Amino acid sequence: MNYRSSYFILTCIGIGFAFLYIPILSMVVFSFNASKLVTVWDSAHSPTLKWYYSLLNNEEILDAAWISLKVAVINASGSVILGTLAGFGLARFSQFRGRFTLNAMTTAPLVMPEVITGLSLLLLFVALEQLIGWPAGRGITTMTIAHMTFSMAYVTVIVNSRLATFDTALEEAAMDLGARPVKVFFVITLPIIFPAILSGWLLAFTLSWDDLVISSFTSGPGSSTLPMVVFSKVRLGVSPEINVLATITLGVVTAMIIGVSLWMARRARLEAA
Amino acid sequence: MPFAIVLKISFSDVDLAIPPYKPLLEWVGKNSLAIKVNFNNYAFLFTDSLYLHAFANSLKVAFLSTLMCLILGYPMAYGIARARPSLRNVLLLLVILPFWTSLLLRVYAWIGLLKANGVINNVLMSLGVIHEPLTMLYTPFAMYVGIVYSYLPFLILPLYANLEKMDWQLLEAAEDLGCRPWQAFYKITLPLSRNGILAGSMLVFIPAVGEFVIPALLGGPNALMIGRVLWDEFFANRAWPVASAVAILLLILLVPFMMWYQSVQARETAGGR
């Protein structure tokens, strides 16, 4: 197999990556801009960190970020537990009734337009509140549950595809040696699929941290998440602080992804050795 | 014990995932004189041309965006799949990275680029290409750019996964037999990657139909998308029943595409290994 690529393909890749990265880079550059007019470079006073200070003193954004963080962590942990169970069930028990339904139901939220998911969850919460008095009012709890419904689907898909290539002989060997199923699950299965679970957790965290539409439908007064605050700010016009926020987000995400992929590469090498 | 887990999962799944299927029922349960009012809402949707127009426009926008994603994304996926294996993962990581950063912030980046005094206009004017700033923000053009930009990774990933499994010797054989590169691509690569193309396109098309954030921020007041109509009915007009009816119609519209996606996915996993 050869790896030559035509100039046409190389050009396409170049244009594609330029398209993906120019907007992001422009945000990073202009986050150091002194001028309040976000896109006009003020060369006399730039680069400056003044908007970084201003962001770190912005109570509204910090509060919202705190709420977002709480929701995202609870959501990621909850959806990893539920998603792993569902993925495990889907991968292992191929002949139970409702398998097709379960499969369809877990993948439907992946492509469902967010406005539909958000609206229907809100109506469900409202109906539940009238029926059994829970959840009383809307806020962080309802938001977290709503986020879990769609994050869980992603985790399920990831875990399921990892289990598809899992060597079940390992589990059988453990059971032959007298381990009970629960022990096998925790001692053998879980450590092996751990990378998939970790990616699932990170993905669920990101999805929740980033979500605007479903949060807007299911949140209540006083529980605005970061995307909701950013959205209302952006609607009123651009603000240099948002550039800073974007740069920080980008930095954290890049570091996290590079860290995780290095860790996984190392793990893969250790397993191979 | 394992069956108990499955049973538990299937219950939690039903609990969490079923709402997207029957939001209308929730609303009916909430309102005792529902069913008749109900039909009125639908009748209202069909008599007011605004809604039909919004549906048609959403389909058009989603279709064209998918097409543009495909034109840009296919060569990229192809190029990545044919790159050296060591380079492949890096390129793939670069495609995924923007997806992990917030959608809202990426859309915001385009506002900075496309504004009247934004980066693109400033660069073009300082180069002397144009003398008046171009109006790009709040136009359909900006909306298409935003949608293509946001959904491009969703198209590249499944397509890449499909192309990666391809046997490139087929292409060499075709060339040996006298096919020109374009002919070989058209006759071999394209048909073989059909499932990847379909899966990727569905992942772009279905969410794009209901997209709210991008048209709201980049599209300007004339960008009539159904996701936006639903949002406005719900938040601005407080017309929950109408919003629910819109959601139901949107769902009915999208379910065939979702089922199509499911069957494509099933075929892909069945024939993949």
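Residues numbered from 1 in each chain as written. Chains lettered and ligands numbered in written order. Predicted model: local features only at pLDDT ≥ 70, side-chain atom pairs only at ≥ 80, totals over all residues. Heavy atoms only, no water.

Please explain the pattern of salt bridges as it appears in this structure.
Close approach of charged atoms lets side chains of opposite charge pair. All names here are of chain B. For the structure shown, the criterion picks out 1 salt bridge over all chains. For glutamate 164, the salt bridge goes to arginine 88, with nearest N and O atoms at 3.9 Å. Residue glutamate 164 is found in helix α8 (residues 140-164), and its partner arginine 88 is found in helix α5 (residues 85-100); the two are separated by 76 residues along the sequence. The exposure class assigned to glutamate 164 is partly exposed, which follows from its relative accessible area of 40%. (Salt bridge = Lys/Arg side-chain N within 4 Å of Asp/Glu carboxyl O. Helix = DSSP H or I, 4+ residues; strand = E, 2+ residues; numbered from the N terminus. Buried < 20%, exposed > 50% of the residue type's maximum accessible area, 1.4 Å probe, protein only.)

What should I look at first to understand the packing of helix α1 (residues 7-30) of chain A against α5 of chain B in this one?
Between two packed helices, what matters for the description is the angle formed by their axes and the separation of those axes. Where α1 of chain A meets α5 of chain B, the axes come as close as 10 Å, and the angle between the chain directions of the two elements is 45°. One way to sum up the angle between α1 of chain A and α5 of chain B is to call them oblique. Pair α1 of chain A / α5 of chain B crosses with left-handed handedness. Across from Phe17, Leu20, Tyr21 and Ile24 of chain A in α1 of chain A, the residues of α5 of chain B making contact are Leu91, Leu94, Val95, Leu97 and Pro98 of chain B. (Axes fitted to C-alpha atoms, helices over the stretch in contact; angles between N-to-C directions. Parallel < 35°, antiparallel > 145°, perpendicular 65-115°, else oblique. Left-handed = near helix turned anticlockwise from the far one by under 90°. Contact = heavy atoms within 4.5 Å.)

Would you explain the confidence of the model for chain A in this entry?
Segments scoring low in pLDDT should not have their predicted coordinates read at a detailed level. This prediction gives chain A a mean pLDDT of 80; 84% of its residues lie at or above 70. The element-level mean pLDDT for chain A is lowest in helix α4 (residues 99-111) of chain A, coming to 67, with helix α9 (residues 194-210) of chain A highest at 88. (pLDDT = per-residue confidence, 0-100.)

Before we go on, may I ask you to explain the environment of leucine 72 of chain B in this structure?
Residues and elements named next belong to chain B. You can see leucine 72 is positioned in helix α4 (residues 49-82). For leucine 72, a relative accessible area of 21% gives the class partly exposed. It is 27 Å that separates the C-alpha atoms of leucine 72 and proline 133, two residues lying 61 residues apart in sequence.

Is there a simple way to explain the packing of α5 of chain B against α8 of chain B in this structure?
Residue and element names in this part refer to chain B. Contact geometry for α5 and α8: axes closest at 9 Å, N-to-C directions at 155°. Judged by the inter-axis angle, α5 sits roughly antiparallel to α8. Taken as a pair, α5 and α8 cross one another with a handedness that is left-handed. Together, Arg88, Leu92, Val95, Ile96 and Phe99 of α5 and Pro153, Phe154, Ile156, Leu157, Tyr160 and Glu164 of α8 make up the contact between the two elements. Classifying every residue of the contact of α5 with α8 gives 9 nonpolar, no polar and 2 charged. (Nonpolar A, V, L, I, M, F, W, Y, C, P; charged D, E, K, R; others polar.)

Sorry if this is basic, but what is going on with the packing of aromatic side chains here?
Between two aromatic rings, the relevant description is the distance of the centres plus the angle of the planes. A complete count under the given rule lists 16 aromatic pairs over all chains for this structure. A centroid spacing of 5.7 Å and a plane angle of 50° characterise the contact between phenylalanine 19 of chain A and tryptophan 110 of chain B, whose relative ring orientation is tilted. Of this pair, phenylalanine 19 of chain A sits in helix α1 while tryptophan 110 of chain B is found in helix α6 (residues 103-114), placing the two residues in two different chains. For the ring pair tyrosine 151 of chain B and phenylalanine 154 of chain B, a centre distance of 5.7 Å and an interplane angle of 45° mean the geometry is tilted. (Phe/Tyr/Trp six-rings, centres within 6.5 Å; stacked < 30°, edge-to-face > 60°.)

Would you mind showing me how to read helix α6 (residues 140-164) of chain A here?
Residues that lie three or four places apart on an α-helix share one face, since the helix turns once every 3.6 residues. Taking 1.5 Å per residue, 25 residues should reach 36 Å; α6 of chain A reaches 35 Å between its end C-alpha atoms and fits that length. The largest bend in α6 of chain A comes to about 30°, at threonine 149 of chain A. (Expected span 1.5 Å × (residues − 1). Bend = angle between axes of the 7 residues up to and from the residue.)

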